[in-house]
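Listed here are the chains, written in short residue letters.
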Amino acid sequence: MSNKNLAGVGASIMSLPIEGMTCASCVGRVEAALRKVEGVGSVAVNLATERAEVRPRRNATVERAALVQAIEKAGYDVPAQTIELSVEGMTCASCVGRVERALRAVPGVTQATVNLATERATVRGTAATDALVAAIDKAGYDARILDALARSGDDDAASRKDAERLSIKRDLVIATALALPVFILEMGSHLIPSMHHWVMDTVGRESSWYLQFLLTTLVLLIPGRRFFTKGFPALLRLAPDMNSLVALGTLAAYAYSAVATFKPGVLPAGTVNVYFEAAAVIVALILLGRFLEAQAKGRTSQAIQRLVGLQPKVAHVVRSGRPIDIPIGDVVAGEVVEVRPGERVPVDGELTGGDSYVDESMITGEPVPVQKRAGSAVVGGTVNQRGAFTLRATAVGGHTVLAQIIRLVEQAQGSKLPIQAVVDRITMWFVPAVMIAASITFLVWLAFGPSPALTFALVNAVAVLIIACPCAMGLATPTSIMVGTGRGAELGVLFRKGEALQLLKDAKVVAVDKTGTLTEGKPVLTDLEVVDTFMRADVLAYIAAVESRSEHPIARAIVEAAEKEGVVLAASAEFESVTGMGVCANVEGVRVEIGADRYMRSLGLDVGTFAQTAERLGREGKSPLYAAIDGFLAAIIAVADPIKESTPAAISALHQLGLKVAMITGDNERTAKAVAARLGIDEVVAEVLPEGKVEAIQHLRAAHGAVAYVGDGINDAPALAEAEVGLAIGTGTDIAMEAADVVLMSGSLQGVPNAIALSKATIGNIRQNLFWAFAYNTALIPLAAGMLYPINGVLLSPVFAAGAMALSSVFVLGNALRLRGFRPPLIGE
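No experiment lies behind these values; they were computed from the predicted model shown.

### Brief notes about the environment of Pro 346
Okay, step 1: Along the polypeptide, Pro 346 turns up in the loop between strand 12 (336-339) and strand 13 (348-354).
Okay, step 2: On the basis of relative accessible area, Pro 346 is assigned to the buried category, the value being 3%.
Okay, step 3: A sequence separation of 45 residues divides Pro 346 from Leu 391, and the C-alpha atoms of the two residues are 10.0 Å apart.
Okay, step 4: Those residues in contact with Pro 346 that sit more than four places away from it in its chain are Gln 311, Pro 312, Val 314, Ala 315, Ile 328, Val 337, Val 339 and Gly 380.

Encoded structure:
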């Protein structure tokens, strides 16, 4: 099938999304444009769903690209869609490059990225899915579309991975059992003189070679077959990969040895030797490397598996007045669900009855359980503690917070960092370059090598082919990304865009919004001091009774404080708001006046009693209010947005990371500077509108360098977009996922130093992997080619080359897995 997505007899109806239609005449224009496309039989355009359904004529073919072009020519748009595919059969970085090139060649594809570690391709554009699958198939790999369930780690995918691991393990056992006698017979004879004599005296050279031939043939035909069935077709397509290198190397050693065994007269004098052990042991060692890779790759994705495992399988839904157990996928939004002690919350919802404490550490990274009562929101996947409660489902299926987290983590794991572009450019030409290097090695040794030159030429060329397999290069970046982003999810740090993982480490200054980021985002009563002649509880009751008549945030904070202390509010009468001064009312016959110092002075009251307290409040950026009861000055009050308990430690951690911290806020300058002074913030930009925050970030960038901006992700959207990296502080259930590059699930600032430290650790890990992969391969190719032979007579056996190649991949995976033990600067207490 052509990769142009031809549709004809028996083909399903082609469906295209359309943007820009506003009325029935738009529908008519789109239908008319589509009918003009050659091969189109019938067209149905739906304004409500904004989709066109196109059926080709009998025995006709229609190109999807032609339909898209017709719609765009009519003045409408076909929006790009993102399609995820599972790709099987990739073994190295060159495979990744070939699949990407095949996908980008499909008409309508605007972007295609392939990840070797996750074995997935992400494609953006207007191309049809069957065209994408056909393109991958033509490139020599197997592909299938991932639906929503598959993307969340379905059992079929896990089963396939397990089957693949078992297949490699089985082949490894067979290859080892068959290759071991070959290795002992040949290499043992070379290394141990007495064993050589024993083999010659008992088995004989000819019988030994026949036995080695038989065992090596079985190795290549059974466990080694996978290299030939994939490697040679790739070679014929002029797109050699790792399998091609292994197939060529082992076949060369095997064929030469077979000729030496059965037709020795064909070879020049002095060159009759066998290298069956090289062919057999190479297969066994490479299978060992692949098995260790498969095991390690399974561990790199454990974060996603754990997240998927947090979703319960069953929910206790109340229907017809009684609870029944139904699969989680059958729960409908709005239904009432029972949650029993010790169970995981099945879906996102709001408590309708009961109360308990819920462990939300999987969402926020904070280990302390949170109290929940009627009206509280809960998130699916969190763990109920001792109490029982009912909830009304507010989000189910793919709309839950847990499902969104899984999607974000998978998107980040599948993304390509800017650093990967360099790797892609190199690996595209790496395998052909290795084959050329092997050919040059063979010719140089054949022309200038010592006797037997043919033997030396063959052995060294095979060593070059085997040692240079670019497996480690393909795994160096994606495995670190997978483990790093997975560890971030466990800490409540979600990298919405993979690029943020690289860019965040370069930040020189962290700019933060004040309200809701440094502070709780909600005013509370912070100070209440009374004169000696009044009781605090009585004063609070009088003040709250008056403020209960007002909807001002300060008033609400005072009332909430009184309610928390169990104060019963009396009725107030004759409530009056005195413009620019304050408020007053009668409470149980007592006159109560609340307002600024100027209001008290207008009443003839001296506020000097509280001079020291007022001065302290001013230093803290708080504006004091005063209360008079029955004509006497009774108390000084302060309502403020308190700093979160975790903020000072977070600011300190950012400073320890060598970063400057700036606060950008719309609050008044006096309050902002007071808060900054208390927290040790380096720079303050106050009294700015959202547009002003963008300008402030530009100034900070000019002064210090790359800026990371931290805000609530909604009001701060322009600033989040302007900064190199935008971090949105979420609360677990209300996350501005579209506004930022990084989402901090915890409501505290502590996620910021954790995210930056994780970025530094992950990119450092990637650089270590890339250095090892590139430096290792680059350094060992000359060694395998025999560069040291003229100096000290050292040659690298193809067997050791295979072991070194396998070690390279295992090292990269093992190094990436170290990120699972990443310890953040701050851990929720």
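### Let's talk about the confidence of the model for the protein
It should be kept in mind that the predicted coordinates are not to be read in detail where pLDDT is low.
Okay, step 1: A residue-level look at the protein finds 86% of positions with pLDDT of 70 or above and a mean pLDDT of 81.
Okay, step 2: The secondary-structure element of the protein with the lowest mean pLDDT is strand 1 (residues 6-7), recorded at 40, while strand 12 shows the highest, at 93.
Okay, step 3: Note that pLDDT drops below 50 for residues 1-11; the model gives that stretch 32 contacts with residues more than four away or on any other chain.
Okay, step 4: Long-range and interchain partners of residues 148-153, a stretch whose pLDDT sits below 50, account for ten contacts in this model, where long-range means more than four residues apart.

### Looking at the packing of aromatic side chains
Okay, step 1: For the coordinates displayed, the defined rule picks out eleven aromatic pairs.
Okay, step 2: Each ring, one from Phe 213 and one from Phe 262, has its centre 4.9 Å from the other, and the planes form 80°; the classification is edge-to-face. With a gap of 49 residues between them, Phe 213 in helix 8 (residues 205-221) and Phe 262 in helix 10 (residues 242-262) connect regions that are remote in the sequence.
Okay, step 3: Phe 262 gets classed as partly exposed once you look at its relative accessible area, which sits at 41%.
Okay, step 4: Taken together, a centroid distance of 6.1 Å and an interplanar angle of 65° make the contact between Tyr 254 and Phe 276 edge-to-face. One end of the pair, Tyr 254, is in helix 10; the other, Phe 276, is in helix 11 (residues 276-300), and 22 residues separate them in sequence. No difference in accessibility class separates Tyr 254 from Phe 276, as the two residues are buried.
Okay, step 5: Put simply, the rings of Tyr 210, Phe 213, Tyr 254, Phe 262 and Phe 276 pair up and form one aromatic cluster.

### Description of the pairing of strand 23 (residues 582-587)
Okay, step 1: Burial analysis of strand 23 places six of its six residues in the buried class, which makes it a mostly covered element.
Okay, step 2: Residues Gly 582, Cys 584 and Asn 586 line one face of strand 23 and the alternating positions Val 583, Ala 585 and Val 587 line the opposite face, and both faces are buried.
Okay, step 3: Pairing geometry for strand 22 (residues 572-578) and strand 23, over five bridges, is antiparallel. Each bridged residue has a counterpart across the sheet, and for Ala 573 the counterpart in strand 23 is Asn 586.
Okay, step 4: Connecting strand 22 to the next strand, strand 23, in antiparallel fashion are three residues, including Gly 580 with a positive phi near 75°.
Okay, step 5: Where strand 23 and strand 24 (residues 590-595) come together, six bridges link them in antiparallel fashion. Within the sheet, the bridge partner assigned to Asn 586 lies in strand 24 and is Arg 591.
Okay, step 6: Counted between consecutive antiparallel strands, the loop separating strand 23 from strand 24 contains two residues, among which Glu 588 sits at a positive phi close to 55°.

### Regarding the sheet that holds strand 23
Okay, step 1: Ordered in space as 21-26-25-24-23-22, the six strands form an open sheet in which the pairing is antiparallel. At either end of the open sheet lies a strand with only one pairing partner, and these are strand 21 (524-530) and strand 22. Sheet twist, expressed as the average angle between the axes of neighbouring strands with direction ignored, equals 20°.

### Looking at the sheet that holds strand 14 (residues 356-359)
Okay, step 1: In spatial order, the strands read 15-14-17; together these three strands make up an open sheet with antiparallel pairing. The open sheet has two free edges, formed respectively by strand 15 (370-372) and strand 17 (383-384), since each of these has just one partner strand.
Okay, step 2: As paired elements, strand 14 and strand 15 share three bridges and run antiparallel to each other. Bridge pairing in strand 15 links Val 358 to Val 370.

Criteria and cut-off values
- Residues numbered from 1 in each chain as written.
- Predicted model: local features only at pLDDT ≥ 70, side-chain atom pairs only at ≥ 80, totals over all residues.
- Heavy atoms only, no water.
- Helix = DSSP H or I, 4+ residues; strand = E, 2+ residues; numbered from the N terminus.
- Buried < 20%, exposed > 50% of the residue type's maximum accessible area, 1.4 Å probe, protein only.
- Contact = heavy atoms within 4.5 Å.
- pLDDT = per-residue confidence, 0-100.
- Phe/Tyr/Trp six-rings, centres within 6.5 Å; stacked < 30°, edge-to-face > 60°.
- Pairing = 2+ DSSP bridges.
- Axes fitted to C-alpha atoms, helices over the stretch in contact; angles between N-to-C directions.

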